[in-house]
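# Understanding the architecture of this molecule
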2 protein chains.
Amino acid sequence: MGKNLTSREQDYSKWYNELVVKADLAENSAVRGCMVIKPYGYAIWEKMQAELDRMFKETGHQNAYFPLFVPKSLFEAEEKNAEGFAKECAVVTHYRLKTDEENKGKLIVDPAAKLEEELVVRPTSEAVIWNTYKNWIQSYRDLPILINQWANVVRWEMRTRLFLRTAEFLWQEGHTAHATRQEALAETKQMNDIYAEFVESFMATPVIKGAKTENERFAGAEETYCIEALMQDGKALQAGTSHFLGQNFAKAFDVKFATKEGGLEHVWATSWGVSTRLMGALIMTHSDDKGLVLPPKLAPIQVVIVPIYKNEEQLEQISVVANQLVKDLRANGISVKFDDRDTQKPGWKFAQYELQGVPVRLAIGPKDLEKGTVELARRDTLTKEFVEMNTVVEKVTVLMDEIQEALFTKAKNYRDEHITRVNSFDEFKEVLKKKGGFVSAHWDGTPETENKIKELTKATIRCIPFDREEEQGACVLTGNPSAGRVLFAKAY
Amino acid sequence: MGKNLTSREQDYSKWYNELVVKADLAENSAVRGCMVIKPYGYAIWEKMQAELDRMFKETGHQNAYFPLFVPKSLFEAEEKNAEGFAKECAVVTHYRLKTDEENKGKLIVDPAAKLEEELVVRPTSEAVIWNTYKNWIQSYRDLPILINQWANVVRWEMRTRLFLRTAEFLWQEGHTAHATRQEALAETKQMNDIYAEFVESFMATPVIKGAKTENERFAGAEETYCIEALMQDGKALQAGTSHFLGQNFAKAFDVKFATKEGGLEHVWATSWGVSTRLMGALIMTHSDDKGLVLPPKLAPIQVVIVPIYKNEEQLEQISVVANQLVKDLRANGISVKFDDRDTQKPGWKFAQYELQGVPVRLAIGPKDLEKGTVELARRDTLTKEFVEMNTVVEKVTVLMDEIQEALFTKAKNYRDEHITRVNSFDEFKEVLKKKGGFVSAHWDGTPETENKIKELTKATIRCIPFDREEEQGACVLTGNPSAGRVLFAKAY
Ligand SMILES: [Zn+2]
Ligand SMILES: [Zn+2]
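Scoring rules and cut-offs
- Residues numbered from 1 in each chain as written.
- Chains lettered and ligands numbered in written order.
- Predicted model: local features only at pLDDT ≥ 70, side-chain atom pairs only at ≥ 80, totals over all residues.
- Heavy atoms only, no water.
- Phe/Tyr/Trp six-rings, centres within 6.5 Å; stacked < 30°, edge-to-face > 60°.
- Helix = DSSP H or I, 4+ residues; strand = E, 2+ residues; numbered from the N terminus.
- Buried < 20%, exposed > 50% of the residue type's maximum accessible area, 1.4 Å probe, protein only.
- Donors = N, O, S within 2.8 Å, 3.2 Å for Na, K, Ca; no water.
- Domains from an automatic or database assignment.
- Contact = heavy atoms within 4.5 Å.
- Buried area = accessible area lost by both parts, 1.4 Å probe.
- Salt bridge = Lys/Arg side-chain N within 4 Å of Asp/Glu carboxyl O.
- Nonpolar A, V, L, I, M, F, W, Y, C, P; charged D, E, K, R; others polar.
- Least-squares fit on C-alpha atoms with pLDDT ≥ 70 in both.

### Notes on the packing of aromatic side chains
Residue and element names in this part refer to chain A. If you walk through the whole model with that rule in mind, you get 36 aromatic pairs over all chains. Note on Phe425 and Phe428: the rings are 5.3 Å apart at their centroids and 25 degrees apart in plane angle, and the pair reads as stacked. Pair noted here: Phe425 and Phe428 are both in helix H13 (residues 425–434), with a separation of 3 residues, about one helical turn. A single burial state applies to Phe425 and to Phe428, both of which are buried.

See below:
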């Protein structure tokens, strides 16, 4: 059973890696740090994309597409951004291969085809986009620009993990341009809220909204808002970020607009993104030792029907009932698979769908036909019950919301239990070591203290929560005055 | 009017370039040969994607994602494929930038961060995918694999044109694996048929289905099927291709499967793709000197309502009626925009929506309110009429199909009139020169003759039509025997 998944207790990290591969979500490729997203994993990502895309469009954003490559001279224009990403850039230097004269059948880079200017494979697109916006923006009438892009980006990471940290990943990046600071800040906030809404409502993953400290901000941003989730092993995961870029990119690319009043001002910017990293968050929030557990709203298959039969005649009888169920469930907007393959046994199928996190499994055998029942198994609770055939459609329909909610509640309880207020550094270290989760502590507001704590404990400040109480206190490390608690954690 | 578009007669190529930019579809970027797809252009592409994606899924295909980079050693494994693309490969050689010590604030490629093995930016993904399939396929039970990928690819072209030929473009690439030659051939055919159905039904662009000659085949394919469209300037455009790859990639990557009968055989493959090039075909099939003409099925805005008013009070009265229209039209599944911006005059708006190809424009002024009418303008015919307010929703709904059909019929008539049968090479040259379009002629079946004709006339064999008549004849150039006519044309 469970296809021999390592248990979480045994080795959480190994459990995760095995689960991702065995549940057919993704696997490593022949390219260092780059993954293959397999059809089942990609189907979940597509569902995420569809919901996010809808939310972006409902708030007035449009999609567009900008080049994969950034000429080095554009890349370096916004200095902080360039500095932040320079160390992880894949660089295209040549545009042709040629036959190796010494080894026919092999190819070598053609030295005659060296680019005059190197091209950076985008690690993020602010530079190439703001260089474009320059030509789109003359007057206040051209603002705001509210654009999103679905794309692949490359950041050369030395240590990679499927979905969580890969050299190439898929994401969306919003890039907006505004006439005022206030409007740009409101957009930054709005998009962070949209991320929170998506992650909580669809991924059933509770998040804390807050601002990053200067240390943890996006390179080139004046403010980074974020949503922070907590994984089952007590480590935090940054699920999405929204950046207020001030006028930094407008200044770097000289983007000014004529105001209504006849002035000329630099444009205000935001950018915001979520990536295939969300897949990692989804997996680690809900799954168990038997495999993936998926919230119904993101499950590619919400219900699977498995026939249990000894001969062709039985299968035929079961199929009549099953096909009707498929029809009725689909009419209720539920995605169903009737797995009548004869190449695999029911037990194999049970384990497979458990491993792949299908929320509800219905099994129908000859006895069920006699009694007019169906065996219904819930993936999240691993409970089973017999349900009257004529109530199963209603039951399953209601269950979709129930499971979605149950997963959220369970994750939220775990998360809430793992926010610990501490008032001394000893306590701080002990909580981190023994319990994990978020540690809510006073901090004196300096990058030096933050760095020191990171050095000593590997914990970073995940965010300054938006909803924190005003509370005068003493920094957990230095004892210096603090205006309120921040959340520390070890993080992915 | 028409925002000063160069006319097609004056300079077709210039007309196209201006139209693409002025209608807000795309523009050149700072990166040589790479385009920015602007929101309006991208919205059309999204509609294309949605329909194609639906058609792929209805025929059992699933989406997945494979790496952007192909290690050189994988890239060169299938020799013909590698040869075919080697000359246009962007190559990543380094993975880090560093500060230029002689010029602070500038970055240089860090020579210490040279990759051991260069990475090719995918020009197509057969190599990286078949290297993956190798691990997915052991037995006949693992077949078929029916996967599609939506992705960006890079082919370093020296002469580029927006949508038609760009260094980076967006596309989908299907990659399937089969147990038998026959099944792979059937898949190749099916996908070519799906492309034809999409291009004809949604883009309203008639196509001819056929096979490519050996010269024009995809590098590494045993057979390339294609759909060929005809543009208004008499040049052909290859709108989609579907390749039967035989066992070439299976052999290059050593992908074998255990047959039902206990044998071990190489897997059969297909690949098929359409790209943002379709945008070029769409634009050039229908548009006119006033700008873009869009078939309703792909128009991001199908109906625009423009209010004509002198004061705030009039606008308010018109808005009541317009908002009701918006509601009623949306209820019929029609996408409508009510453009009540006061920053632009009606004349400006008329020209803008004409330029952007919105199929139907409704104008409402104070007199219309009195009379209970609306002025309805059709983009394709440029005709106007007054319509009773209480019939306008029905009228517009019916018009959507009517316009879609009218565009197809018009394009098909033009295309059919531009297939000319010739029996001598003098005729061949004269038709190409004076009339353009497809030239249907006998050919002796040799690459040499095909090359010679290309050299002399710039025309290539677009395809050997599937539905050609059996007809013995003499090659138009050599007089050697021919088993049937093929279609020649100058092409994009
Ligand atoms: Zn400036
Ligand atoms: Zn072999």
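Here the narrative resumes.
### Re the coordination of the zinc ion (ligand 2)
Around the zinc ion (ligand 2), the donor atoms from the protein are Asp254 of chain B (OD) and His266 of chain B (NE2), and they sit 2.3 Å away. Taken together, the positions of Asp254 of chain B in the loop between helix H7 (248–252) and strand S14 (256–258) and His266 of chain B in strand S15 (residues 264–266) put the pair 12 residues apart, joining distant regions of the chain.

### As for the domain arrangement of chain A
All names here are of chain A. When its domains are assigned, chain A resolves into domain 1 (12–89 + 123–286), domain 2 (301–398) and domain 3 (419–489). Taking the mean C-alpha position of each, domain 1 and domain 2 sit 40 Å from one another. Contacts between domain 1 and domain 2 engage 5 residues on the former and 4 residues on the latter. Here domain 1 packs against domain 2, burying approximately 440 Å² in sum over the two surfaces, 51% of which is carbon and sulfur. By the criterion of area lost to domain 2, the three top residues of domain 1 are Lys22, Ala23 and Tyr40, representing 76% of everything that side buries. Remark: the boundary between domain 1 and domain 2 carries 0 salt bridges. Residue classes in the side of domain 1 that touches domain 2 are distributed as 3 nonpolar, no polar and 2 charged.

### Brief notes about helix H8 (residues 277–286) of chain A
All names here are of chain A. The element H8 is largely enclosed, with a buried count of 10 among its 10 residues. Along H8, the positions that sit buried rather than exposed are Arg277, Leu278, Met279, Gly280, Ala281, Leu282, Ile283, Met284, Thr285 and His286. Looking at the buried positions of H8, the neighbouring elements they touch are helix H1 (12–22), helix H2 (39–58), helix H6 (181–201), strand S13 (236–246), strand S16 (268–275) and helix H12 (392–417).

### Description of the relation of the copies chain A and chain B
Mapping between the two chain copies consists of a rotation about an axis together with a translation along that axis. Laying chain A over chain B is done by rotating through 180 degrees and shifting 0.0 Å along the axis; what remains is an RMSD of 0.0 Å. Seen this way, the second copy is the image of the first under a two-fold rotation axis. No C-alpha of chain A approaches the rotation axis more nearly than that of Val92 of chain A, which lies at 2.1 Å. Interface residue correspondence from chain A to chain B reaches 100%, placing this contact among same-surface, isologous pairings.

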